[in-house]
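# Coordinates in review
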Amino acid sequence: MTHLHKFCFVVLTLLVLAPVATAVNAQTPPRKRAAQKSAGATVLFSPASGSPVTVGVTPSAIATADLNRDGSADFLAANKTGNSVSVRLGNSSGFTAASDVPVGTPVDIATGDVNQDGKLDFLVLGQSAAKVFVWLGDGAGAFTAGDSILIGLQPVSLALGDFNGDGKTDVIVLRSAGDFFVRLGDGAGGFPTSSSFGTGFPNASDITAADFDNDGDLDLFIVNTSNTLITIARNDGGSGFASQTNFQIGVGTNPNVVAAADINNDGAQDFLTVNTGNNTVAVFLGDATGGFLYGEVIPVGPGASDIKLADFNGDGNLDFLTANAGDNSATLGLGDGTGGFTTQPLTAGIAGQPDRLAVADVNNDGKLDFFINSPETNAVAVLQNGIVFDVTTF
């Protein structure tokens, strides 16, 4: 879940542990940091107006965008058991239910303008039909069915981007078997050109796109949960991904989701994994040539299942946020700009074993807020970014 689309102003003084990076190999796991207390700051989140927002049964993925072009953040919820996608349009008092779109067993969702008409569309993985369904937006928050793309059994994650450099949106779909399918867009809402690649490792769970070698092409980060690996597939410039490298996350980690961005401000893509097996976030720092160094392993909440990167405290450094299904919480990690993080737990307004996140500025105040699902209560909570003050952090 994740994915290309699936990425307040205050002065903070943060004390964090500086990461000690070592070369990546299967014998040298990331250095784990013990939970500690230090002087820092808390970004306080509170439920936004109208939160939680009722959606369909068992929301399993969330995507945010301005679907009706009114300047407010809207969201889509893929409801796995409800066989639908809920469209919810934001306004000053909360969110209005626009419509529910029928999709069989949706498990991932992403937005983009796939037909180049200036209006946002969305693509959703329908697991029961083994297809990607394209829904074309009218710019006012309504959608009509477009193309459907047969993928094969157990699709689990998708990524959108221009993978062949022709200026058109393409889609890549990962299956749990560990193979992935590249479908190149025609700019009219269709995806006629297809190729496929394997990683050699089953039990894949997530895919995201980023240019990790700084050659101008989008590459892929693929999570293999049971083998505790990240496979990085290098784009050859024409949407070929045969060149692959595997990175060991650590025995017992069971990585679930990967997020990629430049977290230490050196111009190279880094990546973080959220690890359900030991409730941690592992940090890997990129060298801009395709290599990565181990950073820290950071304890987060139990049942950690999803991760997003964004600047939540407005200091110019990327922070992380995890959804923790085990105790109905989220963990915020405030970044220091060198690859280190100071964490704080968030619990207000979160319930129902949350395992998916999305980020947007809901109230247009310049501060990033977040959406977190509640599968048990068929709702999505919207948490608004508020005041910041000095506290003890953990």
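Notes on the structure follow. (Residues numbered from 1 in each chain as written. Predicted model: local features only at pLDDT ≥ 70, side-chain atom pairs only at ≥ 80, totals over all residues. Heavy atoms only, no water.)

This part takes up the sheet that holds strand β17 (residues 204-210). The strand order β17-β18-β19-β20 describes an open sheet built from 4 strands, whose pairing is antiparallel. A single partner strand is all that each edge strand has here, and the edge strands are β17 and β20 (243-248). Direction aside, the axes of adjacent strands within the sheet are offset by 20 degrees on average. In this sheet, strand β18 (residues 219-224) lies alongside β17 in antiparallel orientation, the contact comprising 6 bridges. Across the sheet, alanine 204 pairs through a bridge with asparagine 224, a residue of β18. (Pairing = 2+ DSSP bridges. Helix = DSSP H or I, 4+ residues; strand = E, 2+ residues; numbered from the N terminus. Axes fitted to C-alpha atoms, helices over the stretch in contact; angles between N-to-C directions.)

The geometry of an aromatic ring pair is captured by the separation of the ring centres together with the interplanar angle, meaning the angle of the planes. Summed over the entire model, instances satisfying the criterion amount to 21 aromatic pairs. Each ring, one from phenylalanine 75 and one from phenylalanine 371, has its centre 5.3 Å from the other, and the planes form 55 degrees; the classification is tilted. With a gap of 296 residues between them, phenylalanine 75 in strand β6 (residues 74-79) and phenylalanine 371 in strand β30 (residues 369-374) connect regions that are remote in the sequence. Here phenylalanine 75 falls in the buried class, since its relative accessible area comes to 0%. By relative accessible area, which is 0% here, phenylalanine 371 ends up buried. A ring pair is formed by phenylalanine 284 and tyrosine 294, whose centres lie 4.9 Å apart and whose planes are at 50 degrees; its orientation type is tilted. On the criterion of sequence distance, the pair formed by phenylalanine 284 in strand β23 (residues 280-286) and tyrosine 294 in strand β24 (residues 292-299) is long-range, its members being 10 residues apart. As far as the burial class goes, phenylalanine 284 and tyrosine 294 line up, both buried. (Phe/Tyr/Trp six-rings, centres within 6.5 Å; stacked < 30°, edge-to-face > 60°. Buried < 20%, exposed > 50% of the residue type's maximum accessible area, 1.4 Å probe, protein only.)

Attention now goes to the sheet that holds strand β5 (residues 59-65). Reading across the sheet, the 4 strands line up as β5-β6-β7-β8 and stay open at both edges, with antiparallel pairing between neighbours. Whereas interior strands pair on both sides, the edge strands pair on one side only; in this sheet they are β5 and β8 (94-102). Along the sheet, successive strands turn relative to each other by an average axial angle of 20 degrees, direction set aside. In this structure, strand β7 (residues 84-91) lies alongside β8, joined through 8 bridges in antiparallel fashion. Among the inter-strand pairings, asparagine 91 is bridged to a residue of β8, identified as glycine 94.

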